[in-house]
Amino acid sequence: MPVSRFTQAPTPPRIMMVSSEASPWAKTGGLADVLEALPKALAQAGHAVCVVIPRYMHGFDAPSERIVDSMPIALGGAIYDVAIYRLITDGVTIFHVDHAGLYGRNGLYGDHFGDFGDNHIRYALLCKAALEISRTLFPVDIYHCHDWQSGLLPVYLRAFDAADPSFLAARTVMTIHNLGYQGIFPREKMDDVSLPPWLYRPDLIEFWGDISFLKAGLVYADALTTVSRRYALEIQTPEHGFGLDGLLRARSASLTGIVNGVDYSRWNPETDRALPAHYSADSLGGKTECKRELLRELGLPDVALDRPLLSIVSRFAYQKGFDLIAGIAHTLFQEDDVYLAVLGNGEQKYEEYFKHLRASFPDRVGLRIGYDDALAHRIEAGGDIFLMPSRYEPCGLNQIYSLRYGTVPVVRATGGLDDTIDAETGFKFADYNGRELLETIRLACRAWHDRAAWTRMMQRGMAKDFSWAGAAAEYSALYRNLHPFAG
Ligand code: ADP
Ligand code: GLC
């Protein structure tokens, strides 16, 4: 029985987040961190919040309860029978949508052969299932969609379900975490996901002869957000717009940038269980211990304890600026007495590059190819200088984690890196070129040798507060403005 919107006022709007990732069940990057922490912060602010994600193979061990055995979802002339699992944690209800054939796989989006060929069906089904969950299990006022995987939800809602009284007053928010991933599929796939031919128009979901799920969301959602203020401006330019800058300019009145927060219950050097020693801004001894252990773990010599240790934790992707690093690393290690700790995985050419670098400078470069959450924490703690020379960066979380861990960031002034790092807490360079990166790294390394000034810089970073409460308040205000009845 749908809940009347009128009886709910003036309670805060009820929110459903729809996403392909959420920690700790499914993570490839920062999206998962956001989907774990933001709902929690919104629940603390008084919202009823649920999150809908697929039940992938790695989520099978979630302590959830199977609450619906059979929820038939019509899509593209077929009926997909999904089951729904639920768990409630920190005041947030998490729904895992189960369909063994579509989601019960090892990778999230693909395997070593590439992207799964049925990703359009997998994520269209997620959107349809989310709508059905909201109709039958968890009535909501606002659907908050994240990235292309949930881009079709506003289309289904507006184009097909508009007259259903369950959805009449519902509003949609679409958050862009990364414009570089758009969910582009051939036009012929429209039938598979119940998209009628009339939607194939340049002002709707057509994109250079194909269809784009992200564009669909950007056209149909009531409000658009992205994850930093500067990125909200950058994506309206041809340089960073990935072909959608015109649409984003047209919708600029509905687009805001809200900088991501940090879950300090997970990222805090005073309590972090992954670390060999703990420390705080007033008592930094444990950080040296973390550095010593990290050097050991990565096979780097003890002498590096008295030299600057650069560090990287990253998806290996075009976005992250590794071409710049490749252009300068040999010069840096030949001419400067510095060390490097790297953790990452992703595109093979970058994995090969870092293996080559490690082989060329085995005493200087420590490398772990793979995904390792605990090591990511130890690198945040054990490094001196955190490198993020991204080509573009919607928000970036690791540089904000670095601040709290007293690891001074060297970043390119783009997107969220520019919003979150200033001259008091880190080092920035503007142009995407190797010379600027090299000069900035050298500047940071020289500053590192002035131990007293460096400690003050670390402490300024450690004192910064990026907790989620601030960002959650901004989202809460947005939801309230959007929703006609909720207070
Ligand atoms: P993005 O989402 O673009 O990858 P962010 O900086 O927003 O970049 O978030 C990255 C998140 O993924 C951080 O929590 C980071 O610690 C984590 N991460 C990235 N690569 C790895 C890895 N190889 N092993 C463990 N954690 C990783
Ligand atoms: C994306 C972006 C990253 C951002 C994250 C969470 O993966 O690449 O910059 O921090 O989403 O919003």
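The text that follows walks through the structure, step by step, so that each part is easy to find. Residue numbers run consecutively from 1 along every chain, following the written order of its sequence. Each chain takes a letter, starting from A, and each ligand takes a number, starting from 1, following the order in which they are written. Where totals are concerned, whole chains, interfaces and linings use all residues; where local detail is concerned, this predicted model gives features only for residues with pLDDT of at least 70, and gives and counts side-chain atom pairs only at 80 or more. Hydrogens are left out, water is left out, and the side-chain values use all remaining heavy atoms of the structure.

Observations concerning the site of ligand 1
Around ligand 1 there are 23 residues in total, and Gly30, Asp33, Arg315, Lys320 and Gly370 lie nearest to it. Think of a polar contact as two N or O atoms within 3.5 Å of one another; within protein, one of them needs to be a possible hydrogen donor and the other a possible acceptor, and neighboring residues in sequence only count if both atoms come from side chains. Glycine 370 has a polar backbone atom sitting 2.8 Å from a nitrogen atom of ligand 1. In this description, accessible areas are obtained by the Shrake-Rupley approach with a 1.4 Å probe, and a residue is regarded as covered only by the protein chains that are shown. Within the complex, 94% of the 560 Å² of free accessible area of ligand 1 lies under protein. When residues are grouped by polarity, Ala, Val, Leu, Ile, Met, Phe, Trp, Tyr, Cys and Pro land in nonpolar, Asp, Glu, Lys and Arg in charged, and all others, Gly among them, in polar. Its residues assigned to classes, the shell around ligand 1 shows seven nonpolar, nine polar and seven charged. Formed jointly, the shell around ligand 1 draws a minimum of three residues from each of two domains, domain 1 (5-261 + 469-482) and domain 2 (285-464). Summary of the distance rule: residues count as near a molecule or strand when at least one heavy atom falls within 4 Å of that molecule or strand. All the domain ranges listed were derived from an automatic or database domain assignment.

Quick look at the site of ligand 2
Taken together, 14 residues surround ligand 2, and among them His177, Asn260, Glu393, Cys395 and Gly396 come closest. In this structure, cysteine 395 approaches ligand 2 through a main-chain N or O atom, which is 3.0 Å from an oxygen atom. Separating an oxygen atom of ligand 2 from a backbone N or O atom of glycine 396 is a distance of 2.8 Å. Against a free-state accessible area of 310 Å², the protein chains account for coverage of 94% of ligand 2. Of the residues in the shell around ligand 2, the class split is six nonpolar, six polar and two charged. Taken domain by domain, the shell around ligand 2 gets at least three of its residues from each of domain 1 (5-261 + 469-482) and domain 2 (285-464).

A look at the environment of aspartate 81
Helical segments are the DSSP runs of H or I of at least four residues, strand segments are the runs of E of at least two, and each set is numbered from the N terminus. Along the chain, aspartate 81 falls in strand S4 (residues 78-89). C-alpha of aspartate 81 to C-alpha of methionine 71: the two residues are ten residues apart in sequence and 5.6 Å apart in space. Here a residue-residue contact requires only that any non-hydrogen atoms of the pair lie within 4.5 Å. Those residues within four positions of aspartate 81 in sequence are excluded, and the remaining contacts are Ser70, Met71, Pro72, Asp98 and His99. Of the polar contacts made by the side chain of aspartate 81, one reaches the side chain of serine 70; its length is 2.8 Å. Reaching out from aspartate 81, the side chain makes a polar contact with the backbone nitrogen of methionine 71 at a distance of 3.4 Å.

Focus: the packing of aromatic side chains
Working definition: rings of Phe, Tyr and Trp (its six-membered ring) pair if their centres are within 6.5 Å, and the pair is stacked with planes under 30 degrees apart, edge-to-face with planes over 60 apart, and tilted otherwise. For the structure on display, the rule yields 21 aromatic pairs. Ring centres 6.1 Å apart and planes at 80° place the aromatic pair phenylalanine 95 and phenylalanine 138 in the edge-to-face group. Residue phenylalanine 95 is located in strand S5 (residues 92-98), and its partner phenylalanine 138 is located in the loop between helix H4 (119-136) and strand S8 (142-146); the two are separated by 43 residues in the primary sequence. When the centroid spacing of 5.3 Å and the interplanar angle of 40° are considered together, the rings of phenylalanine 333 and phenylalanine 361 count as tilted. Placement of the pair is phenylalanine 333 in helix H10 (residues 322-335) and phenylalanine 361 in the loop between helix H11 (348-360) and strand S17 (365-369), with a sequence separation of 28 residues. Side by side, phenylalanine 333 and phenylalanine 361 carry an identical accessibility label, which is buried. An aromatic cluster of three or more residues is present, and its members are Tyr109, Tyr123, Trp148, Phe185 and Phe213. Either the NZ atom of lysine or the CZ atom of arginine qualifies as a charge over a ring when it sits within 6 Å of the ring centre and within 35 degrees of the ring normal. Against the face of tyrosine 85 rests arginine 55, its NZ or CZ located 3.9 Å from the ring centre. Positioned above the aromatic ring of tryptophan 448, the side-chain terminus of arginine 451 is 4.3 Å from the ring centre. Type-normalised accessible area, obtained with a 1.4 Å probe on protein chains alone, sets the label of each residue: buried when under 20%, exposed when over 50%, and partly exposed for intermediate values.

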